[in-house]
Amino acid sequence: MNVKAHINKLGWPRIIIGLFLASMYISCPFLGLDLKAALNDTFIRFGMNAVLVLSLVPMIQAGTGLNFGMPLGVEAGLLGATISIELGAKGFNGFLVAILFAIIFGIIFGWIYGLILNKAKGGEMMIATYVGFSSVALMCIMWLILPFKSQDMIWAYGGSGLRTTISVENYWYRILEKVLNLKNINFPIGEVIIFIIFAFIISMFFKTKSGLAMKAVGTNEKFAKATGINIEKERIKSVVLSSMLAAIGIVIYQQSFGFVQLYLAPFYMAFPAIAAILIGGASVKKATILNVVIGTFLFQGILTMTPSVVNGIIKTDMSETIRIIVSNGMILYALTRKGEL
Amino acid sequence: MKKNLINNIVPILILTLIALVFPLSGLRVIPTIQEIVLRLSRNLFLVLSLLIPIVAGMGLNFGIVLGAMAGQIALIFITDWHIIGIQGIFLATIISIPFSVLLGILAGKILNKAKGREMITSMILGFFINGVYQLVVLYGMGNIIHITDKKLLLSRGYGVRNAVDLINVRRGLDSLINLKIYNVEIPIFTLLIIAGLGFFTIWFRKTKLGQDMRAVGQDMEVARSSGINVPKTRVLAIVISTVLAGFGQIIYLQNIGTMNTYNSHEQIGMFSIAALLVGGASSSKATIFNAISGVILFHMLFIVSPNAGKNIMGSAEIGEYFRVFISYGIVALTLVLHQWRRKKEKEYKRKKEMEAIMKGELNEKSI
Amino acid sequence: MEEKLLEIKNLSKSFGENTVLKDINFHIKEGEIIGLVGENGAGKSTLMKIIFGMSVIKDTGGYKGEIKVNGKVVNFSNPFEALEEGIGMVHQEFSLIPGFKASENIVLNRESTKKSFLENFFGEGVTRLDVDANTNRSEKAIDKLGLKINSEEVITNMPVAHMQFIEIAREIEREKTKLLILDEPTAVLTEKESEILIETIKKLSKKGISIIFITHRLDEIIEACDKVVVLRDGLMIKSIPTSETNVEEITQWMIGRKVESNKEKTSDKEIDEENIILELKNFNVDMPGERVKNLNLKVRKGEILGLAGMAGQGKIGIANGVMGLYLSSGEVKFKGEDIKTNLPAEPLKKGMFFVSEDRKGVGLILDESIAMNIAYPSIQIKKQFLKSFGKVFNYRDIKEITNNANDYLKKLKIKCMSSEQRVAELSGGNQQKVCLAKAFTMDPELMFVSEPTRGIDVGAKKLVLDILEKYNKENKTTIIITSSEVEELRMICDRIAVVNEGKVAAILPATADIIEIGKHMVGVGGDK
């Protein structure tokens, strides 16, 4: 009986995904694949994406829904990165400058986004998606007309506007590792540390008076109202927090990846992150740090393992298709759960 | 009068925008009209297929993508079997039906489990089924599913090619009856079929099923307690929409002449919905007029933007991005307006009720 | 015709261990109008749910006894079966499609359609509606009511009274309808409109339709009904022709208790009549189902004031309105100071607190621990239980929170594993104690408590009331208790205000005769 209850609580999709991943790890040696390298790959991708997935937590806890509008926060982070490069800041300073501007724009964008969502109570997720899409399109125009001058960013031969992909190799590529003097170790210790820092901050936040208020709004709005909590204000706060974290998250991603990707890159960024946190056990109304860790690991694990493993078995690269099915299937599962409205 | 203005704020804004920008785009009138006629005949059917789920209270059905995929699978088959012209189109239509019905039932059942979040769920469902579609078309066809014409397949021997030339059935519908007025070519037959769908929609509203859907769309609980089978009615609405979308995609593709196997259907959902909203519809109310005006306005934006962008801002790219921004922004704006308006209406109603009760009190006292 | 249309024999119903109806026997003849009266919790709505076959009855173990329609034994498992046998019900909440016309609502899901050959392939769904026939049918139904309402008007544009009539028209349009149950149909009507409704009911009865008329307005019962059936605590106290009784007698049957065992409340408190801690003037609250209309009330400092009244008459709305949970207007003065309405933080900051009747929905976060639930408002409003980290971050002081909770676990005898236990796992009585602990932790000057003993076992009931009484005595906190159980109010209150039709009908000392109180509750005391 207890087993059945556990299965119900975990949900079949998660179990399937977990088993799927485990089976891939197990089959590695049989296919002649290096398990250690594969695991390491997974960890690196974990480090890249963890904060982005973490950014979903404030809005979920506050009942503002899954942040399909994450591209808005990502754009803030891209602004931070480009401004930092424009200012010529290198090394760890450059990284900090990028983070600083990411936070500033994250707050501004998040605040506007929060105001919009407050007018749309009940239909947040749909509207968030489209606000996200519109903001990407708007920023595309911005990348073309903003007066950036840095030679590392604009088109060569005197074209106008920023390049689609900008390398950060001369600025803060893998700065988190370099700062800790761990250049030669492949494991992403720097990213993991920074994730732990932010996870700790978020966890502490929800223990403060402000965080408790936000949680109440997400768990039981009537209770929150009766306790004198200003529901509108808490919702905006959650959106600002989420957007800020998304902005920081993309900067971390870029320093690990090595490139700043502009224009249409952020368009679909929300979906993998949302799929990840859902795989980790979160729901539309409740998410914990553990969900973030487990989910990011499982999701990135599948992304790293599938190409090599599936290719090894049937000699075809089905990774893209599998990614689409897994991530959207997971989100679909979460959306059709009863009693989470 | 004022209420009319507010309700139609979106199309009015877009119309104003286009009116301002058109002269600056440097485009000429007649070719533009030709483009619009072409795009109407191409896209209107798909947009009309969105109407019925709205009537049934299920919002904007992003799941028409599923119907589009069904239509494309049908087209793959008839292209493989080398069936040409109007027969090809007709056969494709017939073949698409069982796929559409199955996908529609699946979609309807899933949406029934996501009451209150139908729109986002149908959007994600569209992505999900796209993955399944890829499994079937990119890996299954030529493999488990037999394809005779090897030219359709990728060089590795299985999986349909990225672009399928529909030369057999290209313009199969359009060229059936063609008229030319003032140098503008009008595909009469296609337009007749679209008009047919229009009449079907109007007729449908007056049937028992249509009435049931209208009731379910307004208040599921009241409908249920009056004996209407609410889940079944909702599933039917989605099935009809999906089947129509299948037809619509076939009409769309026979006009373009080439099928991008893995892309043609992807944006269909967003574009059709954006067009409908640009025409003044909302997620709970949409008319045929919204559909027609929406397609015209939306595609005018398409046509005008690149050129206007080049002439005003010096970059066609900016014009393109601006168009994308407007399209998505419109959808976001309409959705927000819709939620906000619903809230205001509820508050207004409650205020009126309180006032009525107070007045009733006063009346009683004065008797 | 003297045939019995509906016969109820020895009907009993329990929800778990709670017996809600016991040995009910009555019958209705064709064309008879029966009035059904009783306090909240007397069993009226359960009885109607059984007759109408609502699924909640079957889901909780069914019922004992027999129901016969036209001599035939029936056992409905859903409302549709009841409809088939000719029993229709008009509920209190409107069941109309707002955007449809009256005619469309009247024939909803029973529309006349034009025959078509397509039917053979696709089923009934594709047949066209016969608009003329449907309009005809609706007009006939409206005619039967003897009213002039435009059948083509859309529901949202109709006055509330018309909506009520359209609902009735829908039920009688069914050819099979022989018995109509009307649940508080006059609740939303003005006096004039109620008169019209009663005329309509009489017309229907002359046409042979029997009616069960549920209302608490006893004068309407006398006016409209042939017979009146009085329920009290699940028992049928009396069934008597209205011609042989009067309003006072009916009130007595509704409210009187068999045993006059109330302990006489000895008032050793010094209550200053002039010291008014809370004043409400022309106070309105828009709480659906419990509207408050132009209410005036003065609450004395230090007293325990009871708010009594029938369900739906507004007593619940008062606290909800003052505390900003529902839209309100009018004047609220606390300690002489004007309080802003519709801002829940205001009254909380000024020293008022509310223990809501909706324990699980408003009063608690079910997934949280006992300790956190108790501490929440104090953290948010009074900034208590917080530790500072470098003077910037204020985060919760778990030790303090736990200590406070343990304190109350002892004081209020809350049965649980520890203060960390999730509130959802506690019994109703213990959940209520947690809500009280929450209130006490806030140390308010004035406390509203709504339905404090609802859904709690007998032992816990007494404990809760004792706790409140003690708190008032020791801390001099003014307590306003809203309760459907007049008995309880009489036990611990100093005064009892009776709320009827959204206003204060009367304020009586708690020692007043229970019949007196009852009369005001049904609107017959005082100036009527």
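Computed from a predicted model, the values in this text were never measured in an experiment.

1. Remarks on the overall build of chain C
Okay, so step 1: On a plain count of helices and strands, chain C comes out with 19 helices and 24 strands.
Okay, so step 2: What you see for chain C is a C-alpha radius of gyration of 26 Å, in line with the 24 Å of a compact globule of 528 residues.
Okay, so step 3: Buried residues in chain C amount to 47% of all 528 residues.
Okay, so step 4: Long-range contacts, defined as pairs at least 24 residues apart, comprise 66% of the intrachain contacts of chain C with a sequence gap of at least 6.

2. Topic: the packing of helix α5 (residues 70-86) of chain A against helix α7 (residues 124-145) of chain A
Residues and elements named next belong to chain A.
Okay, so step 1: At a minimum axis separation of 7 Å, α5 and α7 run at an interaxial angle of 30°. It follows that α5 is roughly parallel to α7 by the angle criterion. Facing Met 70, Pro 71, Leu 72 and Glu 75 of α5, the residues of α7 in contact are Val 131, Gly 132, Ser 135, Val 136 and Met 139.
Okay, so step 2: Here the contact of α5 with α7 is composed, by residue class, of six nonpolar, two polar and one charged.

3. Some points on the sheet that holds strand β14 (residues 292-300) of chain C
All names here are of chain C.
Okay, so step 1: The sheet built from four strands is open, its strands ordered β14-β13-β16-β17 with antiparallel pairing. Both outer strands of the open sheet, β14 and β17 (337-338), are each paired with one neighbouring strand and no more.
Okay, so step 2: As paired strands, strand β13 (residues 276-286) and β14 are joined by six bridges and run antiparallel to one another. Residue pairing for β14: Phe 283 is matched across the bridge by Leu 295.
Okay, so step 3: Most of the contacts of helix α11 (residues 315-322) go to β13, to which it runs at about 105°, and overall it touches β13, β14 and β16 (327-334).

4. Section: the interface of chain B and chain A
Okay, so step 1: Taken residue by residue, the interface counts 34 residues in chain B and 31 residues in chain A.
Okay, so step 2: Among the secondary structure elements, those contributing two or more residues to the side of chain B that touches chain A are α7 (118-140) and α14 (316-366) of chain B.
Okay, so step 3: Here the residues of the side of chain B that touches chain A are counted per class, giving 23 nonpolar, eight polar and three charged.

5. Let's talk about the environment of Val 239 of chain B
Residue and element names in this part refer to chain B.
Okay, so step 1: Checked against the element boundaries, Val 239 lands in helix α11 (residues 230-256).
Okay, so step 2: With 21 C-beta atoms counted inside 10 Å, the residue Val 239 sits in the buried group.
Okay, so step 3: The spatial distance from the C-alpha of Val 239 to the C-alpha of Phe 271 is 20 Å, given a sequence separation of 32 residues.
Okay, so step 4: Excluding anything up to four places from it in sequence, Val 239 contacts Val 101, Gly 104, Ile 105 and Gly 108.

6. Some points on the domain arrangement of chain C
Residue and element names in this part refer to chain C.
Okay, so step 1: Considered domain by domain, chain C is made up of domain 1 (1-86 + 177-259), domain 2 (97-175) and domain 3 (262-351 + 444-528).
Okay, so step 2: Between the C-alpha centres of domain 1 and domain 2 the distance comes to 28 Å.
Okay, so step 3: At the junction of the two partners, domain 1 supplies 13 residues and domain 2 supplies ten residues.
Okay, so step 4: It is helix α8 (residues 191-206) that contributes the most residues to the side of domain 1 that touches domain 2, five residues altogether.
Okay, so step 5: Among the residues making up the side of domain 1 that touches domain 2, the classes are represented as seven nonpolar, two polar and four charged.

7. Some words on the nonpolar core
If you look at soluble globular proteins, the nonpolar side chains tend to sit buried side by side.
Okay, so step 1: One finds Leu 56, Ile 127, Ala 273, Ile 274 and Ile 277 of chain A together with Phe 213 of chain C to be the most contacted residues of the largest nonpolar core, which totals 372 residues.
Okay, so step 2: For this core, the element with the most residues is α11 of chain B, which contributes 15 residues.
Okay, so step 3: Residues in contact with Ile 277 of chain A, not counting those within four places in the same chain, are Val 53, Leu 56, Ala 282, Ala 287, Asn 291, Val 292 and Gly 295 of chain A.

The rules we used
- Residues numbered from 1 in each chain as written.
- Chains lettered and ligands numbered in written order.
- Predicted model: local features only at pLDDT ≥ 70, side-chain atom pairs only at ≥ 80, totals over all residues.
- Helix = DSSP H or I, 4+ residues; strand = E, 2+ residues; numbered from the N terminus.
- Rg over C-alpha atoms; globule rule 2.2 N^0.38 Å.
- Buried ≥ 20, exposed ≤ 12 C-beta atoms within 10 Å, placed from the backbone.
- Contact = placed C-beta atoms within 7 Å.
- Axes fitted to C-alpha atoms, helices over the stretch in contact; angles between N-to-C directions.
- Parallel < 35°, antiparallel > 145°, perpendicular 65-115°, else oblique.
- Nonpolar A, V, L, I, M, F, W, Y, C, P; charged D, E, K, R; others polar.
- Pairing = 2+ DSSP bridges.
- Domains from an automatic or database assignment.
- Core = buried A, V, L, I, M, F, W, Y, C linked by C-beta atoms within 7 Å.

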